[in-house]
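Here's the letter readout for the chains.
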Amino acid sequence: MTSFQDWKPRTVAVHTGARRSQYGEVAEAICLTQGFVYPSAEAAEARFLQTGEDEFIYARYGNPTVAAFEARIAALEGTEDAFATASGMAAVSGALMAMLRAGDHVVAARALFGSCLYVLEEVLTRYGVRVDLVDGTDLDAWRAAITPQTAVVFLETVSNPTLEVIDLPAVTALAHEAGARVVVDNVFATPVFSRAADHGADVIIYSATKHIDGQGRCLGGVILGSRDFIRGTVEPYMKHTGGAMSPFNAWVLLNGLTTLDLRVRAQTETAQALAQALQGHPKLARVIFPGLADHAQHAIAKAQMGGPGTVLALDLADGKEAAFRFLNALRVVLISNNLGDARSIATHPATTTHQRLPDAQKAELGITSGLIRLSVGLEDVADLCADLMVALDAA
Ligand SMILES: *Cc1c(COP(=O)(O)O)cnc(C)c1O
């Protein structure tokens, strides 16, 4: 048998990280326990030295089912190690808090998930971290903002909801020249299409709530990086501050990883077909999808991701009223705000996920009143296409 280092991603996704008990169960068991029993007082003393692998003490520090999920996602992403967290935001805030101290400087792309913006602008600055936001697609802006004081560069490789793609190798080179580490929130790229580690990202973060679960059941997150970083920097912070993933969620998400590749590729193929079918529709001012040749960063997306992803954005020419008529006419696609789910989901960012942003900031980010984010699911492409066309007629 080949070692898992030689396995292709689909084999890794099915087998890596499985820990069978003495019963030899086929499906991974859930180790639903907060703690662990020691055979003797001496064993308890030794366990607290935490010198070996698999030396579990308390589920806030680690748990066998959580460890199985961490091993599988690290092998898929191609990093040495991973730390699983209670949610994507526990991963983002945990990684940044563990890495930064007062006086440090952070440069981040401006187009970020709302909660990431909150952590950067409202939380880190309270503790003496300086934060500068730049247009992520403008390399001159990155060059001007990154200085020798910059400790961390933070970005979403593909931004939410306007799907700008950042030139990761170029930004990483600028950051590393200045001695900064690059932290990438990689949700939209997905672990299937990510090449973030190959392109020099030091830390890669996922909300596992999205494609990794892919069926809308559990919150989860993960921080990926070198073993030294994960065990030396992230683990001490996370285990004492309490953002651990629950063993039950780890078990659901571990099984999510098993089918992730198939789901993401099928959803991406459908997203590409829908983007092409919708392009040029008279009710739409724009169709934004990194897989379309007219996308501003189409070439960058092609060079740095294995596929364009499962999300597209539609800009209805007649604004909010048209967007609402469109949403209310959908019969297959659900109105909700998750993404990466097996069910297709439409979101109106201006009135929901990005509601709290001032109008000027919405305009700067391209969040118009007609913008719809469409997360494409696993339904038949013909049914989705018909649903969207009928809803566009109604808009
Ligand atoms: C959803 C999301 C998060 C937050 O993840 P949760 O699991 O909801 O905490 C962070 N970043 C991006 C890009 C996301 O899409």
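Refer to the structure printed above.
Report on the accompanying structure. If you're wondering where the values come from, they're calculated on a predicted model, not measured in any experiment. (Residues numbered from 1 in each chain as written. Predicted model: local features only at pLDDT ≥ 70, side-chain atom pairs only at ≥ 80, totals over all residues. Heavy atoms only, no water.)

Concerning the packing of aromatic side chains
Phase 1: Overall, the coordinates contain four aromatic pairs when judged by the stated rule.
Phase 2: Both rings, one in Tyr38 and one in Phe48, keep their centres 6.3 Å apart while their planes meet at 70 degrees; by these two values the pair is edge-to-face. Residue Tyr38 is located in the loop between helix H1 (9-15) and helix H2 (41-47), and its partner Phe48 is located in the loop between H2 and helix H3 (64-77); the two are separated by 10 residues in the primary sequence.
Phase 3: According to the relative accessible area criterion, Phe48 is exposed, its value standing at 53%.
Phase 4: A centroid spacing of 6.1 Å and a plane angle of 40 degrees characterise the contact between Phe248 and Trp251, whose relative ring orientation is tilted. Note that Phe248 and Trp251 are positioned in helix H10 (residues 247-278) at a spacing of three residues, about one turn of the helix. (Phe/Tyr/Trp six-rings, centres within 6.5 Å; stacked < 30°, edge-to-face > 60°. Helix = DSSP H or I, 4+ residues; strand = E, 2+ residues; numbered from the N terminus. Buried < 20%, exposed > 50% of the residue type's maximum accessible area, 1.4 Å probe, protein only.)

Description of the pairing of strand S7 (residues 221-225)
Phase 1: A large share of S7 lies buried, amounting to five of its five residues.
Phase 2: Residues Gly221, Ile223 and Gly225 of S7 are buried on one face, and the alternating residues Val222 and Leu224, pointing to the opposite face, are buried as well.
Phase 3: Sheet analysis places strand S1 (residues 81-85) next to S7, joined by five bridges and oriented antiparallel. Pairing of Phe83 across the sheet is with Ile223, part of S7.
Phase 4: Sheet topology places strand S6 (residues 203-207) next to S7; four bridges connect them, and they run antiparallel. Paired with Ile204 across the strands is Leu224, a residue of S7. (Pairing = 2+ DSSP bridges.)

Section: the site of the ligand
Phase 1: Ser87, Gly88, Met89, Phe113, Glu156, Asp185, Val187, Ser207, Thr209, Lys210 and Gly220 make up every residue found near the ligand.
Phase 2: In this structure, Ser207 approaches the ligand through a side-chain N or O atom, which is 2.8 Å from an oxygen atom.
Phase 3: Considering the ligand on its own, with 380 Å² of exposed area, one finds that the protein chains cover 92% of that surface.
Phase 4: Residues that form the shell around the ligand fall into these classes: three nonpolar, five polar and three charged. (Near = heavy atom within 4 Å. Polar contact = N/O pair within 3.5 Å; in protein donor to acceptor, adjacent residues only side chain to side chain. Areas by Shrake-Rupley, 256 points an atom, 1.4 Å probe, with all protein chains shown as cover. Nonpolar A, V, L, I, M, F, W, Y, C, P; charged D, E, K, R; others polar.)

Some details on the pattern of salt bridges
Phase 1: Tallied over the full model, the rule gives 14 salt bridges.
Phase 2: Salt-bridge contacts for Arg231 lead to Glu235; the nearest nitrogen and oxygen are separated by 2.5 Å. Of this pair, Arg231 and Glu235 both sit in helix H9 (residues 227-241), separated by four residues, roughly a single helical turn.
Phase 3: Using a relative accessible area of 13% as the deciding quantity, one classes Glu235 as buried. (Salt bridge = Lys/Arg side-chain N within 4 Å of Asp/Glu carboxyl O.)

Looking at the nonpolar core
Phase 1: Membership of the largest hydrophobic core comes to 56 residues, with the highest contact counts inside it found for Phe69, Ile73, Trp142, Val153, Leu155, Ile212 and Leu224.
Phase 2: Inspection of this core shows a minimum of three residues originating in each of domain 1 (9-258) and domain 2 (261-394).
Phase 3: In this structure Val153 touches Val107, Trp142, Ile146, Val171, Ala175, Ala180, Arg181, Val182 and Val183, once residues within four positions along its chain are discounted.
Phase 4: In this structure, Leu100, Leu117, Val183 and Phe229 belong to the second largest nonpolar core, which totals 32 residues. (Core = buried A, V, L, I, M, F, W, Y, C linked by side-chain atoms within 4.5 Å. Domains from an automatic or database assignment. Contact = heavy atoms within 4.5 Å.)

A short note on the sheet that holds strand S9 (residues 311-316)
Phase 1: In spatial order, the strands read S8-S9-S12-S11-S10; together these five strands make up an open sheet with mixed pairing. In this open sheet, the two edge strands, each paired with only one partner strand, are strand S8 (284-288) and strand S10 (334-335).
Phase 2: In this sheet, strand S12 (residues 371-375) lies alongside S9 in antiparallel orientation, the contact comprising five bridges. Its bridge partner lying in S12, Leu314 is registered against Ile372.
Phase 3: Strands in contact with helix H12 (residues 319-329) are S9, S10, strand S11 (345-347) and S12; relative to S9, the strand with the most contacts, it is inclined by about 125 degrees. (Axes fitted to C-alpha atoms, helices over the stretch in contact; angles between N-to-C directions.)

Description of the packing of H12 against helix H14 (residues 381-394)
Phase 1: With their axes 8 Å apart at the nearest point, H12 and H14 run at an angle of 140 degrees to one another. Judged on the interaxial angle alone, H14 and H12 are oblique. Handedness of the crossing formed by H12 with H14: right-handed. Counted together, Arg325, Phe326 and Ala329 of H12 and Asp387, Leu388, Ala391, Leu392 and Ala394 of H14 form the full contact between these two elements.
Phase 2: Grouping the constituent residues of the contact of H12 with H14 by class yields six nonpolar, no polar and two charged. (Parallel < 35°, antiparallel > 145°, perpendicular 65-115°, else oblique. Left-handed = near helix turned anticlockwise from the far one by under 90°.)

Things to note about the side chain of His295
Phase 1: Mapped onto the elements of the fold, His295 is located in the loop between S8 and helix H11 (298-304).
Phase 2: Separated by 2.9 Å, the side chain of His295 and the backbone nitrogen of Gln297 make a polar contact.
Phase 3: When sequence neighbours within four positions are dropped, the list of residues in contact with His295 reads Leu163, Val165, Ile288, Phe289 and Pro290.

Structural notes on the side chain of His281
Phase 1: The topology assignment puts His281 in the loop between H10 and S8.
Phase 2: Owing to a relative accessible area of 14%, His281 belongs among the buried residues under this scheme.
Phase 3: Ignoring sequence-local partners within four residues, the contact set of His281 consists of Met389 and Leu392.

So, unusual backbone geometry
One can expect most non-glycine residues to show negative phi and most peptide bonds to be in trans.
Phase 1: Along the chain, Asn160 connects to Pro161 via a cis peptide bond; the corresponding omega equals 0 degrees.
Phase 2: Mapped onto the fold, Pro161 is located in the loop between strand S4 (150-156) and helix H7 (168-177).
Phase 3: Look at Leu163: it is not a glycine, yet its phi comes out positive at around 60 degrees.
Phase 4: Taking relative accessible area as the criterion, Leu163 reaches 1% and is therefore assigned buried.
Phase 5: One non-glycine residue, Thr190, lies in positive phi territory at about 65 degrees.
Phase 6: Tracing the chain through its elements places Thr190 in helix H8 (residues 190-193).

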